[in-house]
Amino acid sequence: MEYFNHLEDLDAESKYLVHKSKEAAAHAYAPYSKFCVGAALILEDGTIITGTNQENAAYPLCMCAERVALYAVTSLHPNAKILKLAVTAHKKNHKELTPATSCGACRQVMAEFESRQGAPMQVIMLGPDKQWIKAPSAADLLPHGFSKDSLEV
Ligand code: THU
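Residues numbered from 1 in each chain as written. Predicted model: local features only at pLDDT ≥ 70, side-chain atom pairs only at ≥ 80, totals over all residues. Heavy atoms only, no water.

Novice: How should the pairing of strand E4 (residues 82-91) be read in this particular structure?
Specialist: Looking down a regular strand, the side chains alternate between one sheet face and the other. The element E4 is largely enclosed, with a buried count of 8 among its 10 residues. In this structure, strand E2 (residues 35-43) lies alongside E4, joined through 9 bridges in antiparallel fashion. The residue of E4 that forms the bridge with leucine 43 is isoleucine 82. In the sheet, E4 pairs with strand E5 (residues 122-126) via 4 bridges, with the strands oriented parallel. Each residue of the ladder has a partner; that of alanine 86, found in E5, is isoleucine 124. Each parallel crossover has a hand, and the one from E4 via helix H3 (residues 104-117) to E5 is right-handed. (Buried < 20%, exposed > 50% of the residue type's maximum accessible area, 1.4 Å probe, protein only. Helix = DSSP H or I, 4+ residues; strand = E, 2+ residues; numbered from the N terminus. Pairing = 2+ DSSP bridges. Right-handed = clockwise from strand over helix to strand, strands pointing away.)

Take a look at the structure:
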């Protein structure tokens, strides 16, 4: 795991994805939590896919930005490998980024995407102390996570 105090210290691709995730977050549908999240990921061929959180009056139906983006990849580009994913968030009417580290459900989904593609997916997010976190692999974010290995007979 790598930690950076300033966004400028990250590599160019990560900075670009952070920028794209911020742009996406502007279109989040978060009327209930007012917590606007954007995710941006880059595929092997350079394609960028974004997602935003999608809420619903029936609260449990809310979907995180990360999973919206990830499921768009496997729907639109079923065989593509994801190199890196960035996630950022802001509170409604606040311009500044607020810390947002992916929830456990998203980490579980990221881990399965990674194992399916057989190659690491880096994850960039802003930690609670406002440090940028760069995980070299989604698996690093979910030690001892559940996987299909347990289902094998
Ligand atoms: N949310 C995300 O989209 N991603 C995260 O990593 C954390 C939480 C969303 C879900 C919900 O719409 C709102 O943020 C508040 O939890």
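Novice: Honestly, the packing of helix H2 (residues 65-76) against H3 in this entry has me stumped. Any pointers?
Specialist: How two helices sit against one another is set out by the angle between their axes and by the gap between those axes. Where H2 meets H3, the closest approach of the two axes is 10 Å, and the angle between their N-to-C directions is 25°. Judged by the inter-axis angle, H2 sits roughly parallel to H3. As H2 runs across H3, the sense of the crossing is left-handed. Residue-level inspection shows Glu66, Arg67, Leu70, Tyr71 and Thr74 of H2 in contact with H3, the latter providing Ala105, Cys106, Val109, Met110, Phe113 and Arg116. Class assignment for the residues of the contact of H2 with H3 results in 7 nonpolar, 1 polar and 3 charged. (Axes fitted to C-alpha atoms, helices over the stretch in contact; angles between N-to-C directions. Parallel < 35°, antiparallel > 145°, perpendicular 65-115°, else oblique. Left-handed = near helix turned anticlockwise from the far one by under 90°. Contact = heavy atoms within 4.5 Å. Nonpolar A, V, L, I, M, F, W, Y, C, P; charged D, E, K, R; others polar.)

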